[in-house]
Amino acid sequence: MRHASWAIALAVALAGGSTVASAEVVSVATDSFELKTELTIAAPLDTVWATLGAPQTWWDKDHTYSGDSANLYLDRQATGCLCERLPGKGSVEHARIVFSQPPRVLRLVGGLGPLQREAVTATLTFTLEPDGDGTRATLEYVVGGYMRGGGETLAPAVDQVLVHQLDLMKAAAEATAARPAE
């Protein structure tokens with residue numbers, strides 16, 4: 001994983017590159033943090049659910065191990081994973097699905113990015129709700145355990161990267177919804 005990309009995403013988000021309606025580091029301590037991000041996507045619930053299930057179409061390639069988002073895949077059933085194929089027959093499990101309630105809730109367990117090397121338990125929950133003609137998306141990430149950099153150091157950077165990823169998912173879902181029906 002490219003560590004510099006976390007810093008770049010942080011700088012972009014701080015410069016105003018995000019379209020997220022609400023992003024928050026809910027709590028932070030040396031050994032834990034909780035993040036919450038909410039936004040409205042101008043696309044129907046089923047379109048957003050389908051987009052969420054295709055990270056290869058929206059996940060930033062700079063936040064992959066292979067450098068290519070096309071290597072990502074998500075199996076949206078319990079025991080499935082958000083995984084990535086690596087050159088030379090390798091692979092990475094970014095997170096494992098522990099709860100799936102289509103098209104409303106997807107919950108994964110796994111330390112993303114630099115957290116994968118740490119002794120943490122991390123739970124990422126996507127909740128989707130109809131909101132007028134669109135969809136309200138909420139992302140929550142709760143992390144606890146031993147973090148060599150400390151939660152205070154890691155939480156802001158992780159928050160900014162997840163905000164960026166949610167912005168990319170929003171853009172992909174809205175682009176899909178805007179396409180004329182075939």
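See above for the structure.
The structure reproduced in this document is the subject of the present report. This one's a predicted model, so the numbers in the text were calculated from it and none came from an experiment.

## Things to note about the overall build of the protein
So, step 1. Each helix and strand in the protein was counted, giving 3 helices and 8 strands.
So, step 2. Secondary structure elements of the protein occur, N-terminal to C-terminal, as α-β-β-α-β-β-β-β-β-β-α.
So, step 3. Looking at the 182 residues of the protein, the share that counts as buried comes to 46%.
So, step 4. Taking all contacts inside the protein whose residues are at least 6 apart in sequence as the whole, residues at least 24 apart take part in 55%.

## A closer look at the packing of aromatic side chains
So, step 1. Enumeration over the complete set of coordinates arrives at 1 aromatic pair.
So, step 2. A ring pair is formed by Trp58 and Trp59, whose centres lie 5.4 Å apart and whose planes are at 55 degrees; its orientation type is tilted. An identical accessibility class is assigned to Trp58 and Trp59; each is buried.

## Points about the state of the cysteines
So, step 1. Inspection of every chain in the model, using the stated rule, returns 1 disulfide.
So, step 2. What pairs with Cys81 in a disulfide is Cys83, and their sulfur atoms sit 1.8 Å apart. Judged by the sign of its S-S torsion, about -130 degrees, the cystine formed by Cys81 and Cys83 is left-handed. For the residue pair Cys81 and Cys83, the accessibility class agrees, reading buried in each case.

## What to know about the pairing of strand 6 (residues 105-109)
The two faces of the sheet receive side chains in turn, since in a regular strand these alternate between them.
So, step 1. As judged from the 5 bridges shared by strand 5 (residues 90-101) and strand 6, these two strands associate in the antiparallel manner. By the bridge assignment, Ser100 is partnered in strand 6 with Leu106.
So, step 2. Where strand 5 hands over to strand 6, the hairpin turn is made up of 3 residues, counted between the paired strands.
So, step 3. Pairing of strand 6 with strand 7 (residues 119-131), which is carried by 5 bridges, proceeds in the antiparallel orientation. The residue bridging Leu106 from the neighbouring strand is Phe126, located in strand 7.

## Things to note about the side chain of Glu118
So, step 1. Relative to the assigned elements, Glu118 resides in the loop between strand 6 and strand 7.
So, step 2. At 3.0 Å, the side chain of Glu118 forms a polar contact with the backbone nitrogen of Arg148.
So, step 3. If sequence neighbours within four positions are ignored, Glu118 has contacts with Tyr146, Met147 and Arg148.

## A look at the packing of helix 2 (residues 45-52) against helix 3 (residues 151-178)
So, step 1. Where helix 2 contacts helix 3, the two axes come as close as 9 Å, and the packing angle between them is 130 degrees. Relative to helix 3, the element helix 2 is oriented oblique. In the packing of helix 2 onto helix 3, the handedness of the crossing is right-handed. Here Thr47, Val48, Thr51 and Leu52 of helix 2 come into contact with helix 3, specifically with Met169, Ala172, Ala173, Thr176 and Ala177.

## Observations regarding the environment of Val48
So, step 1. Along the chain, Val48 falls in helix 2.
So, step 2. What makes Val48 buried here is its relative accessible area of 0%.
So, step 3. Between the C-alpha atom of Val48 and that of Glu174, which follows or precedes it by 126 residues, the distance is 8.2 Å.
So, step 4. Each residue touching Val48, except ones within four places of it in the same chain, is listed here: Ile41, Ala43, Leu128, Thr135, Met169 and Ala173.

## Re the pattern of salt bridges
So, step 1. For the structure shown, the criterion picks out 5 salt bridges.
So, step 2. The partner of Lys61 in a salt bridge is Asp62, with the nearest N and O atoms 3.5 Å apart.
So, step 3. Of the charged contacts in the structure, one is a salt bridge between Glu118 and Arg148, with a shortest N-O distance of 3.0 Å. One end of the pair, Glu118, is in the loop between strand 6 and strand 7; the other, Arg148, is in the loop between strand 8 (134-146) and helix 3, with 30 residues separating them in the sequence.
So, step 4. Given a relative accessible area of 15%, Glu118 falls into the buried group.

Cut-offs applied
Residue positions are given per chain, counted from 1 along the sequence in the order it is written. Whole-chain, interface and lining totals are the exception, using all residues; otherwise, since this is a predicted model, local features are given only for residues with pLDDT of at least 70 and side-chain atom pairs are given and counted only at 80 or more. With hydrogens and water excluded, all non-hydrogen atoms of the structure serve as input to the side-chain values. Only DSSP runs of H or I reaching four residues or more are called helices, and only runs of E reaching two or more are called strands; each is numbered from the N terminus. For every residue, the accessible area (1.4 Å probe, protein chains only) is compared with the maximum for its type, and the residue is labelled buried under 20%, exposed over 50%, or partly exposed between those bounds. When checking whether two residues touch, look at their non-hydrogen atoms; a contact exists if any pair is within 4.5 Å. When the centres of two rings from Phe, Tyr and Trp lie within 6.5 Å, Trp using its six-membered ring, the rings pair. Their planes under 30 degrees apart give stacked, over 60 give edge-to-face, and anything left gives tilted. Any pair of cysteine sulfurs within 2.5 Å is marked as a disulfide. DSSP bridges decide pairing: two strands pair if at least two such bridges lie between them. Distance and chemistry together define a polar contact, namely a pair of N or O atoms within 3.5 Å, with one atom able to donate a hydrogen and the other to accept it when in protein, and with adjacent residues in sequence counting only for side-chain atoms on both sides. A fitted line through C-alpha atoms serves as each axis, taken over the contacting stretch for helices, and the angle formed by two N-to-C directions is quoted from 0 to 180°. An angle below 35 degrees is read as roughly parallel, one above 145 as roughly antiparallel, one from 65 to 115 as roughly perpendicular, and any other as oblique. Note on convention: near helix rotated counterclockwise from far helix by under a right angle means a left-handed crossing. Clockwise means right-handed. Throughout this description, the term salt bridge denotes a Lys or Arg side-chain nitrogen within 4 Å of a carboxyl oxygen of Asp or Glu.

None of the figures reported here should be taken as evidence of function without further support.
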